[in-house]
Amino acid sequence: MDESLHCNWLKCRKSLLVEGKAVATTCSHIFCVSCAETLFNGNKQCPACKTVLDQPDDVVLSSLNPSADYRTSVLAGLAPDVVVDIAARSLAFWQYQTSQEVSERTTEGQIACMLPGAHPAPTSRSCRPPSKP
Ligand SMILES: [Zn+2]
Ligand SMILES: [Zn+2]
């Protein structure tokens, strides 16, 4: 399974792991940095789901390849229940994103199948009953 996130802006869909940084929202969407600069420039709405994002922590730049030091310090000092809560939210985010990827791929596959010529038409030979010896 492809364990990478893609920019949720449909015109972009860039793989986010390459850049290592992305802008995540509290409505479980994630965008590449260059899209986010344009999309959130004076706009307090999620371009994917139209949720209003007017709180300071609604849109955050996150590092997707955090250093060991960052991992050590980012949750340090937080109470265990807070740590677990953050982890649960992050997992829900990841689950939502990967399920979106799967449904998108399925839709693309279905469209491909409906297009004429996507699959070779059965040849007349294969439709004929087997010839007698
Ligand atoms: Zn993008
Ligand atoms: Zn959203």
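From a predicted model like this one, the values you see are computed outputs, not experimental measurements.

Points about the overall build of the protein
Phase 1: Broken down by element type, the protein carries five helices and three strands.
Phase 2: Secondary structure elements of the protein occur, N-terminal to C-terminal, as α-β-β-α-β-α-α-α.
Phase 3: By residue count, 14% of the 133 residues in the protein fall in the buried class.
Phase 4: Taking contacts inside the protein between residues at least 6 apart in sequence as the whole, the part at least 24 apart equals 38%.

Structural notes on the environment of C12
Phase 1: Within the secondary structure, C12 sits in the segment before α1 (16-19).
Phase 2: Counting along the chain gives 22 residues from C12 to S34, while the straight-line C-alpha distance between them is 9.9 Å.
Phase 3: With sequence-adjacent residues up to four places away left out, C12 is seen in contact with C7, C32 and C35.

Remarks on the UniProt feature "domain: RING-type" (unreviewed entry) in the protein
Phase 1: If you check UniProt for "domain: RING-type" (unreviewed entry), the listed places come out as residues 12-50 in our numbering.
Phase 2: Taken end to end, residues 12-50 is 28% helix and 18% strand, and its two terminal C-alpha atoms sit 18 Å from one another.

As for the sheet that holds strand β3 (residues 59-63)
Phase 1: The three strands lie next to each other as β2-β1-β3, forming an open sheet whose pairing is antiparallel. With partners counted over all chains shown, the strands left at the sheet margins are β2 (30-31) and β3, one partner each.
Phase 2: Here strand β1 (residues 21-25) runs beside β3; their pairing, made up of five bridges, is antiparallel. The partner of T25 across the bridge, within β3, is V59.

Re unusual backbone geometry
Phase 1: Its identity is not glycine, yet S28 carries a phi of approximately 70°, on the positive side.
Phase 2: Along the chain, the position of S28 falls in the loop between β1 and β2.
Phase 3: The partly exposed category is assigned to S28, around which 19 C-beta atoms lie within 10 Å.

Some details on the confidence of the model for the protein
Phase 1: Taken residue by residue, the protein gives an average pLDDT of 83. The fraction at 70 or more is 75%.
Phase 2: Element-level mean pLDDT values for the protein span from 43 in helix α5 (residues 124-127) up to 97 in β2.
Phase 3: In the model, residues 111-128 has pLDDT below 50 throughout and makes four contacts with residues more than four positions away in sequence or in other chains.

Conventions used here
Residues numbered from 1 in each chain as written. Chains lettered and ligands numbered in written order. Predicted model: local features only at pLDDT ≥ 70, side-chain atom pairs only at ≥ 80, totals over all residues. Helix = DSSP H or I, 4+ residues; strand = E, 2+ residues; numbered from the N terminus. Buried ≥ 20, exposed ≤ 12 C-beta atoms within 10 Å, placed from the backbone. Contact = placed C-beta atoms within 7 Å. UniProt positions renumbered as here; feature names shortened; annotations may be inferred. Pairing = 2+ DSSP bridges. pLDDT = per-residue confidence, 0-100.

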